[in-house]
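A structural walkthrough
Spelled out, the chains give:
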Protein chains: 6
Amino acid sequence: MATVRLLSDEEASAEALAVFDDIRAVRGTDYVNNFWRALAHDPALLKATWERLKVVMAPGALDPLVKEMLYIAVSASNGCEYCAHSHTASARAKGMTPEMYGELLAVLGMANQTNALASALQVPVDEAFQA
Amino acid sequence: MATVRLLSDEEASAEALAVFDDIRAVRGTDYVNNFWRALAHDPALLKATWERLKVVMAPGALDPLVKEMLYIAVSASNGCEYCAHSHTASARAKGMTPEMYGELLAVLGMANQTNALASALQVPVDEAFQA
Amino acid sequence: MATVRLLSDEEASAEALAVFDDIRAVRGTDYVNNFWRALAHDPALLKATWERLKVVMAPGALDPLVKEMLYIAVSASNGCEYCAHSHTASARAKGMTPEMYGELLAVLGMANQTNALASALQVPVDEAFQA
Amino acid sequence: MATVRLLSDEEASAEALAVFDDIRAVRGTDYVNNFWRALAHDPALLKATWERLKVVMAPGALDPLVKEMLYIAVSASNGCEYCAHSHTASARAKGMTPEMYGELLAVLGMANQTNALASALQVPVDEAFQA
Amino acid sequence: MATVRLLSDEEASAEALAVFDDIRAVRGTDYVNNFWRALAHDPALLKATWERLKVVMAPGALDPLVKEMLYIAVSASNGCEYCAHSHTASARAKGMTPEMYGELLAVLGMANQTNALASALQVPVDEAFQA
Amino acid sequence: MATVRLLSDEEASAEALAVFDDIRAVRGTDYVNNFWRALAHDPALLKATWERLKVVMAPGALDPLVKEMLYIAVSASNGCEYCAHSHTASARAKGMTPEMYGELLAVLGMANQTNALASALQVPVDEAFQA
């Protein structure tokens, strides 16, 4: 359960529905996932979030699949259940193989391990790393 | 300052020094960064961490640069100062351009934003995302 | 499920029951929520937590509703499911409107986004911000 | 030090400088703080972040001071040094008194305490809290 | 549900099954918990994680029960549901009494509270604490 | 620098000074560390925090040194610089040897690693772990 009811197409406002339609058009599927249905209570927030997401996740200097894997890395570090599921599904849809997922997990595990060590030890930043 | 003194080559044990030498050989540089000098108080932990890192960060199904960017993503989400600096420097050494870094930052910002929204709203996971 | 059984009134010790009764009296409801029933295994911890909560959340320089919204902000950033649900319910009971909740979510999203950017970039603190 | 150099007005691109100018106009001060100077390496990210921040932090259903205090709450929970400093300074500029700050800190401490207890105990969400 | 299917003994590869067998032998039980069944999709990651865990959690300068309690502390701070459950169960199996658990919870709550205060206030480290 | 000035004995209120004196008496040292000097702006918060800390960290079912190590574990996971330093110093003062610290670090690293894996994989809790 969410802290708000998930809005169906019938319950969504015209402004929210327009965002749902754009999500469908951009993704080439009729399915609008729960995250957007929860945000639909505040159409301005829904629209701002979706519009920015479209720009950020578009192909550019980084591949869209790499961007999805970065999203998984953040979500796992934040312990966000919904985000881990939705972005793992997205990464698979964009071509993440089991081998790639296995290496992603290995890096996540390693990074969280060495982060904890560096934070416990409060290692000072090397001058060599300065911009 | 760290919670322990950073060990110089002279102060490190033979077992720790052997790890320093392997770091130098693998990276092709004489420089051993502070993280390893802090871990050197416990040579077994130093060795286990380095041996695993070598395996995890090696080329595989994912490119080493992608792995470094995943490391930055985790480090930023954890707020780890040392890790943000050291892995940003590593990613640059492996070819991260300013354009790639800009897009990485944009994804990090977006991911932490939608993670917070999903956590606040406690959005239930869609059945469509189930493995 | 919790890591401990939730204690009913019949199972709670006399000291725990006295806290339950105070919760009922202060809140003007018979309902004692699960958090307190889980803590009741350790009556001293239960009592210390409740006594402090009463003081902290009371009206003062800040409005009780503002305090509940701050609680939601912390809970979302920590990814705490129970806390997100319970404090969103409390905030509504204290008068949080959908418009206020929408703006709260927008600030949470923005704050987590810029926190991630500042952590990734390790921006040094401006002298102008020094106390 | 940051992972990038902080750009002066002279070094910033025309697009970045336009954002700096808008920051100055909106805030009624000549001072542009480090966060924006670090983001200026990527003018598109700089502009998107600032444009969204302006909307989110504007007066609405919530008071701008309440929004700044929510920002402090998120920043402390994330352990973001820069963010804690910059938003505490902003909150003071918007009227946060020492008494309000003291109560804000008390809520932050309490919320992080009970979040940790709820996460350790994995307390199940009460049906009464369902939307 | 997990983001991957949990592998049964029949579905696991020979390399993964060898790890399952070692888990059974070391723990003296036939039960292999879900975490390992999820990791079994990547036998190398499964093996590396288990081999390191065996070393780290073995008796040494710290008692195995103390190590399990440290694990609970990390898991609660990270908000990891699975980890909170599995390590609380392990700690109980190693002799954690209700009184010990109550004190552990009290320390966790206190530590997260003062961490939040120190992060909000950005208290500078005392010279007296320097290594 | 902190977000507030650290109060000297001369600047502290009578109520804050009484807490400073109790800290000195309980710890058997004249030194009052920065955390308390920052909290002293709000004597009620200072007093409540110290009074609770005294109770929580006192000997009980858990050894005071174990409690300090739990504090370090939380602090490292939260990335709290001040907390990592102050509680590592305290743990040493209470008898933590380099061997114990090394094992503590190894557990912290391992726990943060497997937490990240469990969060990324969203492993469902085994029925065997239910209370």
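Quick notes on the rules
Position numbers for residues count from 1 along each chain, tracking the sequence in the order it is written. Chain letters and ligand numbers both follow the written order, the letters beginning at A and the numbers at 1. Given that the model is predicted, a residue must reach a pLDDT of at least 70 before its local features are reported, and side-chain atom pairs must reach 80 or more before they are shown or counted; all residues, however, enter totals for whole chains, interfaces and linings. Side-chain metrics in this entry use all non-hydrogen atoms of the structure; hydrogen atoms and water are not considered. Basic side-chain nitrogens of Lys or Arg form a salt bridge, by our definition, when they fall within 4 Å of a carboxyl oxygen of Asp or Glu. Elements are defined by DSSP. Helices are runs of H or I of four residues or more, strands are runs of E of two residues or more, and each kind is numbered from the N terminus. Fitting of the copies onto one another was done by least squares over C-alpha atoms, counting residues only where both copies have pLDDT of at least 70. In this description, contact between two residues means that some pair of their heavy atoms is separated by no more than 4.5 Å. Two parts lose some accessible area (1.4 Å probe) when they are put together, and adding that loss for both gives the buried area. Any N or O atom pair separated by 3.5 Å or less is treated as a polar contact, with the protein-specific requirement of one donor-capable and one acceptor-capable atom, and with residues adjacent in sequence counted only for side-chain atom pairs. Each residue gets one of three labels, nonpolar for Ala, Val, Leu, Ile, Met, Phe, Trp, Tyr, Cys and Pro, charged for Asp, Glu, Lys and Arg, and polar for the others, Gly among them. UniProt positions are given in the numbering used here, feature names are shortened, and annotations may be inferred rather than shown by experiment.

1. What about the pattern of salt bridges?
Counted under the stated rule, the structure contains 54 salt bridges over all chains. Residue Asp9 of chain A is joined to Arg37 of chain A by a salt bridge in which the shortest nitrogen-to-oxygen separation is 3.0 Å. Taken together, the residues span a long stretch of sequence, with Asp9 of chain A in the segment before helix H1 (14-27) and Arg37 of chain A in helix H2 (residues 34-39) at a distance of 28 residues. Residue Asp9 of chain F pairs with Arg24 of chain F through a salt bridge whose shortest N-O separation is 2.9 Å. Separated by 15 residues along the polypeptide, Asp9 of chain F in the segment before helix H1 (14-27) and Arg24 of chain F in helix H1 bring together distant segments of the chain. Within this structure, Asp9, Asp21, Arg24 and Arg37 of chain A form a network of salt bridges that share partners.

2. A look at the relation of the copies chain C and chain B
For the pair chain C and chain B, the best superposition has an RMSD of 0.0 Å and corresponds to a rotation of 180° with a translation of 0.0 Å parallel to the axis. A rotation of that kind, with that shift, is consistent with a two-fold axis. Ranked by how close their C-alpha atoms come to the rotation axis, the residues of chain C are headed by Gln113 of chain C, at 2.4 Å.

3. Re the interface of chain C and chain B
Listed by partner, the interface residues are 19 residues for chain C and 19 residues for chain B. Both sides of the chain C and chain B interface together cover about 1600 Å² of buried area, and 69% of this is carbon and sulfur. Of all residues in chain C, the largest losses of buried area upon contact with chain B belong to Leu105, Ala120 and Gln122 of chain C, amounting jointly to 29% of the total for that side. Applying the counting rule to chain C against chain B returns zero salt bridges. Connecting chain C to chain B are zero residue pairs in polar contact (both at pLDDT 80 or more). Sorting the residues of the side of chain C that touches chain B by element identifies helix H5 (81-93) and helix H6 (98-121) of chain C as the ones contributing at least two each. Counting residues per element, the side of chain C that touches chain B draws most heavily on H6 of chain C, which supplies 12 residues. Of the residues assigned to the side of chain C that touches chain B, the class counts are 11 nonpolar, seven polar and one charged.

4. Examining the UniProt feature "domain: Carboxymuconolactone decarboxylase-like" (unreviewed entry) in chain A
In the numbering used here, UniProt assigns the feature "domain: Carboxymuconolactone decarboxylase-like" (unreviewed entry) to residues 43-123 of chain A. Along residues 43-123 of chain A the backbone is 83% helical and 0% strand, and the end-to-end C-alpha distance reaches 45 Å.

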